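# Examination of the molecular architecture
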Amino acid sequence: MRLGYIGLGKMGLNMVERLRGRGYEISVYDRSPELTQEAVRFGASASFSLVGMAAQLTAPRLIWLMVPHAVVDEVLNELSPHLQANDAIIDGGNSFYKDSVRRARELEKKGIDFLDVGVSGGPSGARTGACVMVGGKEETFKKFESLFKDIAAENAYAYVGKAGAGHFVKMAHNGIEYGMMQALAEGFGLLKKSDFQLDLKKVADLYNHRSVIESRLVGWLEGAYEKYGIELESISGAVGHTGEGEWTVKIANELGVPVPIIEGAFQFRVQSNDKPTYTGKVLSALRNMFGGHAVK
């Protein structure tokens, strides 16, 4: 299979490497020529413009977008005039699902297929196998199912519904992630505050051996303590957020579904800019471990 790939950030570059290892022919484009050249090391073909990428690919084209949600429309507006009917675009970034519904409708008028794909697993998952949630026309999903199988970990991809469903499921996933991370950070903040002088790395390791809360998150927390130390001195207590938690709260309110845990976790991150805490340090450390996010 041959495809175009746009966006070579932490996730994109690793995914291109994974697909090249499975024999895919890939034409890549990123605004950074340095990242584009990095992908060439894996055997990808370099494009230095979106128009050039479209010209490199033989119709019917398949193009994967892995760019920030704020620039998806900009990319599509520049790219779509150079595509034709029966070409297909996959948005694998964290786009707002309502935007994905609109984009699918707009591209359908041009005869271009569109799939919205939530991808979970961070940079390491992009390289070793991610969890993949696909929305759009089912026949389009089936057409490219082998691609999703190759990107995903074993049994870690699924078609979840019509246009927008992939990004809706990923949005809810990220909201749940907010709540789970918050509970973990608060619990370890409590453990640290006690008089027992606990070895938190040891406790994290213990929790991750057959306890009810055994999880990848607990494993990443143990890794953070190993990397940064129990005090997390070099980690910011102000926690970043990229939009998905806020979207989850907004849509839950629209649908009349109470989400006090997720909403509280989101508000904690907003308020942490003015009130940094050890709990915030744990959250920042976790975000760094699984997503490669900055610790400051």
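Basis of the calculations
Residues numbered from 1 in each chain as written. Predicted model: local features only at pLDDT ≥ 70, side-chain atom pairs only at ≥ 80, totals over all residues. Heavy atoms only, no water. Helix = DSSP H or I, 4+ residues; strand = E, 2+ residues; numbered from the N terminus. Rg over C-alpha atoms; globule rule 2.2 N^0.38 Å. Buried < 20%, exposed > 50% of the residue type's maximum accessible area, 1.4 Å probe, protein only. Phe/Tyr/Trp six-rings, centres within 6.5 Å; stacked < 30°, edge-to-face > 60°. Pairing = 2+ DSSP bridges. Contact = heavy atoms within 4.5 Å. Axes fitted to C-alpha atoms, helices over the stretch in contact; angles between N-to-C directions. Parallel < 35°, antiparallel > 145°, perpendicular 65-115°, else oblique. Nonpolar A, V, L, I, M, F, W, Y, C, P; charged D, E, K, R; others polar. Left-handed = near helix turned anticlockwise from the far one by under 90°.

## Describing the overall build of the protein chain
Each helix and strand in the protein chain was counted, giving 14 helices and eight strands. Here the protein chain has a C-alpha radius of gyration of 20 Å; the compact-globule value for 296 residues is 19 Å, and the two agree. Taken along its principal axes, the extent of the C-alpha atoms in the protein chain is 65 × 45 × 35 Å. A buried classification covers 50% of the 296 residues belonging to the protein chain.

## Side note on the packing of aromatic side chains
In the structure shown here, the tally under the stated rule is eleven aromatic pairs. Look at Trp64 and Phe148: their rings are 6.2 Å apart centre to centre, the planes differ by 55°, and that puts the pair in the tilted class. Remark: Phe148 occurs in helix α8 (residues 145–151) and Trp64 occurs in strand β4 (residues 62–65); sequence separation between them is 84 residues. For Trp64, a relative accessible area of 0% corresponds to the buried category.

## Considering the sheet that holds strand β1 (residues 2–6)
Within the open sheet, the eight strands sit side by side as β3-β2-β1-β4-β5-β6-β7-β8. Their pairing is mixed. A single partner strand is all that each edge strand has here, and the edge strands are β3 (45–46) and β8 (152–161). Pairing of strand β6 (residues 113–120) with strand β7 (residues 130–136), which is carried by six bridges, proceeds in the antiparallel orientation. Across the sheet, residue Leu115 finds its bridge partner in β7, namely Gly136. Against the sheet, helix α4 (residues 72–79) engages β1, β4 and β5 (88–91), with an angle of about 155° to β4.

## Notes on the packing of helix α11 (residues 216–228) against helix α14 (residues 278–291)
Contact geometry for α11 and α14: axes closest at 9 Å, N-to-C directions at 100°. The angle between the axes of α11 and α14 places the two elements in the roughly perpendicular class. In this structure, α11 contributes Leu217, Trp220, Leu221, Gly223, Ala224, Tyr225, Lys227 and Tyr228 to the contact, and α14 contributes Tyr278, Val282, Ala285, Leu286, Asn288, Met289 and Phe290. Considering only residue class, the contact of α11 with α14 consists of twelve nonpolar, two polar and one charged.

## Side note on unusual backbone geometry
Of note, the bond from Ala59 into Pro60 is cis; its omega dihedral lies within 30 degrees of zero at -5°. Position of Pro60 among the secondary structure elements: in the loop between α3 (50–56) and β4. Look at Asn86: it is not a glycine, yet its phi comes out positive at around 80°. Inspection of the secondary structure puts Asn86 in the loop between α4 and β5. A positive phi is found at Asn155, a non-glycine position, where the angle reads about 60°. Note that Asn155 resides in strand β8.

## Some details on the packing of helix α9 (residues 165–193) against α14
Axis separation between α9 and α14 bottoms out at 8 Å; the angle between their running directions is 130°. Classified by the angle their axes make, α9 and α14 are oblique. As for the relative orientation of α9 and α14, their crossing is right-handed in sense. Touching Glu177, Met181, Gln182, Leu184, Ala185, Glu186, Phe188, Gly189 and Lys192 of α9 are Tyr278, Thr279, Val282, Leu283, Leu286, Arg287 and Phe290, all from α14.

Purely spatial values, then, with no claim about function.
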